[in-house]
Amino acid sequence: MYEEGDEMKKYWELTETLPNKENQAIVGDFLLHLRLSNRSDATIKSYKRLLIRFFGDVEEAYYMLSSDKILRWFQENEGHYQESTYRLHMSIISSFYTFCTEESLVERSPIKKRWFPRLTKSVPKSLEKGEIAKVRQASERVSLRNQLIVEFMLTSGCRVGEVHRLNVENVDLENRTARVVGKGKKIRHVHFSEKCAILFERYLETRQELVSSPLFISEWKGTRLSIQRIQEIIYDIGEKAGLSTKLHSHRLRHSFATNLLAKGADLSFISSELGHSNLNTTQIYARLPNQVIISQYRKFMG
């Protein structure tokens, strides 16, 4: 689901001028391909930024660039980045050349698998049971809207962008579900707790707009809350809760998944609830050490 006016902006179109006209055309085609493949707005914009940087530095056509020259560009221009960022940027160029091979524009990709740094797989950081209690207590001292945002994210596992896009009509109080638009514009139904349903009911009683209106709105402007504002709300509640580390929206999502795992939920179920298109993405939670899982279970279940 796009925000009003996004189609007019056509953010995926390449408006910058590259040194080589052939590169200009094919990069434009690739960005349109991403758009038609329903890649997220943020993904397309990040791909576009790097492709402009990369092809802005070369005179040769994309099909003439050697592996050595591409690697040299990365070593000279990307070497100062963290390994995760370096790998992400290389993946973008690799995706571009994969597109070119699939379109039979090049015989094979010049990107070599051995170039990618091997990253240490980290376990997502979630909130402990005591920290969740502190967050909930802190949320009770703020507005009903803000309390609802935190409770909904804790019990649904939604991404902040999914919460941002919710409309009043997407909430089903009777079945305690919400219809959300996830990555790749994929629609799924998430569940939320009974407490969350009570908060929803109280919050919706304060709303007089049509059912198709944005769910979470600015108390002053009456417009849809931005992703940045929702993140700020969550951060502020984390501050009020006195947490030792910053509270980010994704920690609520990780806490939801870890809580399900601790209670014995199957990974395929967790994957479905989180909206992962690939079960391998959820496998990161399977790397929690056994003693951590046992500890989490005892904290949540007694």
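Residues numbered from 1 in each chain as written. Predicted model: local features only at pLDDT ≥ 70, side-chain atom pairs only at ≥ 80, totals over all residues. Heavy atoms only, no water.

(A) Spatial organisation of the packing of aromatic side chains. Tallied over the entire structure, the rule returns 15 aromatic pairs. Here Phe 74 and Tyr 86 contribute two aromatic rings whose centre-to-centre distance is 5.8 Å and whose plane-to-plane angle is 70°, an arrangement assigned as edge-to-face. Pair noted here: Phe 74 is in helix H4 (residues 67-77) and Tyr 86 is in helix H5 (residues 83-102), with a separation of 12 residues, a long-range link. The pair formed by Phe 74 and Tyr 86 is uniform in burial state, with each residue classed as buried. Look at Phe 96 and Tyr 97: their rings are 5.1 Å apart centre to centre, the planes differ by 80°, and that puts the pair in the edge-to-face class. By relative accessible area, Tyr 97 is classed as buried at 1%. Connected via pairs of aromatic rings, a cluster forms that spans Phe 30, Tyr 47, Phe 54, Phe 55, Tyr 62, Tyr 63, Trp 73, Phe 74, Tyr 86, Phe 96, Tyr 97 and Phe 99. (Phe/Tyr/Trp six-rings, centres within 6.5 Å; stacked < 30°, edge-to-face > 60°. Helix = DSSP H or I, 4+ residues; strand = E, 2+ residues; numbered from the N terminus. Buried < 20%, exposed > 50% of the residue type's maximum accessible area, 1.4 Å probe, protein only.)

(B) Molecular detail of the nonpolar core. Residues Val 135, Phe 152, Phe 192, Phe 200, Leu 215 and Phe 216 are the most contacted members of the largest nonpolar core, which totals 38 residues. Taken together, the elements giving at least two residues each to this core come down to helix H6 (129-139), helix H7 (144-156), helix H8 (160-165), strand S2 (177-181), helix H9 (194-205) and helix H10 (227-240). A per-element tally of this core places H7 first, with 7 residues. Each residue touching Leu 215, except ones within four places of it in the same chain, is listed here: Leu 166, Asn 167, Val 168, Val 171, Phe 200, Tyr 203, Leu 204 and Arg 207. (Core = buried A, V, L, I, M, F, W, Y, C linked by side-chain atoms within 4.5 Å. Contact = heavy atoms within 4.5 Å.)

(C) Representation of the pattern of salt bridges. Taken as a whole and assessed by the stated rule, the structure comprises 9 salt bridges. Close ionic contact of Lys 195 with Glu 140 constitutes a salt bridge, the shortest N to O distance being 4.0 Å. You can see Lys 195 sitting in helix H9 and its partner Glu 140 sitting in the loop between H6 and H7, a full 55 residues away along the chain. Overall, the relative accessible area of 32% leaves Lys 195 in the partly exposed class. Ionic pairing is found between Arg 159 and Glu 162, a salt bridge with its closest N-O pair at 2.5 Å. An identical accessibility class is assigned to Arg 159 and Glu 162; each is buried. Each of Arg 136, Glu 140, Glu 151 and Lys 195 takes part in salt bridges that share partners, so that together they form one network. (Salt bridge = Lys/Arg side-chain N within 4 Å of Asp/Glu carboxyl O.)

(D) Representation of the packing of H6 against H7. Contact pair H6 / H7: the axes reach a minimum separation of 9 Å and the direction vectors enclose 155°. Accordingly, the angle class assigned to the pair H6 and H7 is roughly antiparallel. Judged by the twist between their axes, the crossing of H6 over H7 is left-handed. The segment H6 lies against H7, with Ile 132, Val 135, Arg 136 and Ser 139 engaging Gln 147, Val 150, Glu 151, Leu 154 and Thr 155. Of the residues in the contact of H6 with H7, the class split is 4 nonpolar, 3 polar and 2 charged. (Axes fitted to C-alpha atoms, helices over the stretch in contact; angles between N-to-C directions. Parallel < 35°, antiparallel > 145°, perpendicular 65-115°, else oblique. Left-handed = near helix turned anticlockwise from the far one by under 90°. Nonpolar A, V, L, I, M, F, W, Y, C, P; charged D, E, K, R; others polar.)

(E) Quick peek at H9. End to end, H9 covers 17 Å across 12 residues, agreeing with the expected 16 Å (1.5 Å per residue, within 8%). All buried positions along H9 are accounted for by Cys 196, Ala 197, Leu 199, Phe 200 and Tyr 203. All buried residues of H9 project into a common sector of 160° when viewed along the axis, lining one side. Projecting away from the buried face of H9 at angles above 90 degrees are the exposed residues Glu 194 and Glu 205. Along its buried surface, H9 packs onto H7 and strand S1 (171-172). (Expected span 1.5 Å × (residues − 1). Arc of directions from axis to C-beta.)

(F) Representation of the environment of Ser 37. By the secondary structure assignment, Ser 37 is in the loop between helix H2 (21-36) and helix H3 (41-55). Given a relative accessible area of 38%, Ser 37 falls into the partly exposed group.

(G) Just the pairing of strand S3 (residues 187-191), in detail. What you see with S3 is a clean split: Arg 188 and Val 190 sit on the buried side and Ile 187, His 189 and His 191 on the side with no burial. Bridge count between S2 and S3: 5 bridges; the pairing is antiparallel. Note on S3: the bridge partner recorded for Arg 179 is His 189. Counting the residues in the hairpin turn of S2 and S3 gives 5 residues, including Gly 184, whose phi is positive at 70°. (Pairing = 2+ DSSP bridges.)

(H) A look at the pairing of S2. Extensive coverage of S2 is indicated by the burial of 4 of its 5 residues. Pairing of S1 with S2, which is carried by 2 bridges, proceeds in the antiparallel orientation. Residue pairing across strands places Val 171 opposite Ala 178, the latter belonging to S2. Connecting S1 to the next strand, S2, in antiparallel fashion are 4 residues, including Arg 176 with a positive phi near 55°.

(I) Up close: the sheet that holds S2. Taken in spatial order, the 3 strands of this open sheet run S1-S2-S3, and their pairing is antiparallel. This sheet does not close on itself; its edge strands, each paired only once, are S1 and S3.

(J) Representation of the packing of H7 against H9 in the model. At a closest axis distance of 9 Å, the pairing of H7 and H9 adopts a crossing angle of 150°. Judged on the interaxial angle alone, H9 and H7 are roughly antiparallel. Crossing of H7 against H9: the hand is left-handed. Contact residues: Leu 144, Arg 145, Gln 147, Leu 148, Glu 151, Phe 152 and Thr 155 in H7; Lys 195, Cys 196, Leu 199, Phe 200, Arg 202 and Tyr 203 in H9. When grouped by side-chain class, the residues that make up the contact of H7 with H9 number 7 nonpolar, 2 polar and 4 charged.

Keep in mind these values describe shape, not function.
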